[in-house]
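# Descriptive analysis of the structure
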Amino acid sequence: VQLQAYGGGLVQAGGSLRLSCAASGRTFVVETMGWFRQAPGQERELVAAIDWRDGSSKYTDSVKGRFSISKDNAKNTVALQMNSLKPEDTAVYYCTAAQHRLRTVVAGKGRYDYWGQGTQVTVSS
């Protein structure tokens, strides 16, 4: 499975950005897609993930109410709408996919198997 991420860029605090990720190849194995981010000097963290079958989703607490993840099964794409952006959202964002259902990954019984290239999101104060 190959993942191609789009979007990102520079935005002022309070602004919005939309990230998109397209999956190709053996997409039939994908059960979960999501976004991680990594800021300089920090560990990579899960931002949001969505179950490919039932659309259930999970967000890290710091983005709840501001970010929204969505999917388009027909196009094998996932999007992350980021609103009310804060300087602390600045990071490299990575698209990811797993062969396990979201609930399995959340339970720690599955891992993210595929990664796209990162895309920089910079929020200025």
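Here's a quick rundown of the structure. (Residues numbered from 1 in each chain as written. Predicted model: local features only at pLDDT ≥ 70, side-chain atom pairs only at ≥ 80, totals over all residues. Heavy atoms only, no water.)

## Concerning the sheet that holds strand β1 (residues 2-6)
- Taken in spatial order, the four strands line up as β1-β3-β8-β7 in an open sheet, and their pairing is antiparallel. This sheet does not close on itself; its edge strands, each paired only once, are β1 and β7 (67-72). Each strand axis lies, on average, 15° off the axis of its neighbour in the sheet, ignoring direction.
- Here five bridges tie β1 to strand β3 (residues 17-24), and the two strands are oriented antiparallel to one another. Bridge assignment links Q4 to a residue of β3, and that residue is A22. (Pairing = 2+ DSSP bridges. Helix = DSSP H or I, 4+ residues; strand = E, 2+ residues; numbered from the N terminus. Axes fitted to C-alpha atoms, helices over the stretch in contact; angles between N-to-C directions.)

## Topic: unusual backbone geometry
- Positive phi, normally seen in glycine, also occurs at N76, with a value near 55°.
- Of note, N76 is situated in the loop between β7 and β8 (77-82).
- Of the residues examined, N76 reaches a relative accessible area of 21% and is grouped as partly exposed. (Buried < 20%, exposed > 50% of the residue type's maximum accessible area, 1.4 Å probe, protein only.)

## Focus: the pattern of salt bridges
- Counting across every chain of the model gives eight salt bridges.
- Here D61 and K64 are joined by a salt bridge, their closest N and O atoms 2.9 Å apart.
- Exposure remark for D61: the relative accessible area of 61% places this residue in the exposed category. (Salt bridge = Lys/Arg side-chain N within 4 Å of Asp/Glu carboxyl O.)

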